[in-house]
Amino acid sequence: MSDRDAAFAAYFAARSDAMRGTAYLLCGDWHRAEDLVQSTFTKLYLAWNRASRHEVLDAYVRQILLRTFLDERRRGWWRRERVNAEATERAVTAESPEERLVLLRALTDVPPRQRAVLVLRYWEDLSVEETASLLQCTPGTVKSQAARGLDTLRRLLAPTLAATGRQFDE
């Protein structure tokens, strides 16, 4: 195995699970998340020699993942090939797994661009500026998409929250 391949394999082993989690939050399906991660790391492998600044590699890979997700949505592949079966869930450590699943399901109904902003801002804990850089938009766009995405989530979660007597926490 060459040094190039060994370095790539080490990076893949260290970061693929985290990217798979992010991909799942974007698409809401573990199998599709796996496909997104595979496509992302394939693209990274092809550009591995050009990815000379390894200190910002996570941001670069996250950007590839995000663009791959958004590009697939634009092409309409998702609409033609969408599987209706429930996605298999892996164990979570949250206090209420049921609430987490409800939130993750609602997140899949948020429009892709808003979902991307929500995932990057609130799951990946990126700043407005970092999110804007990844999405190649202005910080104002990130703020407005985040506000719209949160409004959409509130609307989607309202029936569930009303049934349990809880309110949406910001």
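Structure first, text after, so check above.
## Observations regarding the overall build of the chain
- Each helix and strand counted, the chain has eight helices and zero strands in total.
- Walking the chain from its N terminus toward its C terminus, one meets helices and strands in the order α-α-α-α-α-α-α-α.
- Out of the 170 residues belonging to the chain, those deemed buried represent 39%.
- Across the chain, every contact between residues at least 6 apart in sequence was considered, and the portion connecting residues at least 24 apart equals 65%.
- A total of about 10200 Å² of accessible surface is found on the chain, and carbon and sulfur atoms cover 51% of it.

## Remarks on the nonpolar core
- Core analysis: the biggest nonpolar cluster contains 42 residues, and Phe41 and Leu44 have the highest contact counts within it.
- For this core, the secondary-structure elements that each account for two or more residues are helix H1 (3–27), helix H2 (30–46), helix H3 (57–75), helix H5 (97–107), helix H6 (112–123), helix H7 (128–135) and helix H8 (139–164).
- The element contributing the most residues to this core is H1, with eight residues.
- Residues contacting Phe41, with those up to four places away along its chain left out, are Phe8, Tyr11, Phe12, Arg15, Ser16, Met19 and Val61.

## A look at the packing of H1 against H2
- Remark: H1 packs on H2, axes separated minimally by 8 Å, with the N-to-C direction vectors making an angle of 145°. Once H1 is placed against H2, the crossing between them reads as right-handed.
- Of the residues assigned to the contact of H1 with H2, the class counts are 15 nonpolar, two polar and six charged.

Procedures and definitions
- Residues numbered from 1 in each chain as written.
- Predicted model: local features only at pLDDT ≥ 70, side-chain atom pairs only at ≥ 80, totals over all residues.
- Heavy atoms only, no water.
- Helix = DSSP H or I, 4+ residues; strand = E, 2+ residues; numbered from the N terminus.
- Buried < 20%, exposed > 50% of the residue type's maximum accessible area, 1.4 Å probe, protein only.
- Contact = heavy atoms within 4.5 Å.
- Areas by Shrake-Rupley, 256 points an atom, 1.4 Å probe, with all protein chains shown as cover.
- Core = buried A, V, L, I, M, F, W, Y, C linked by side-chain atoms within 4.5 Å.
- Axes fitted to C-alpha atoms, helices over the stretch in contact; angles between N-to-C directions.
- Left-handed = near helix turned anticlockwise from the far one by under 90°.
- Nonpolar A, V, L, I, M, F, W, Y, C, P; charged D, E, K, R; others polar.

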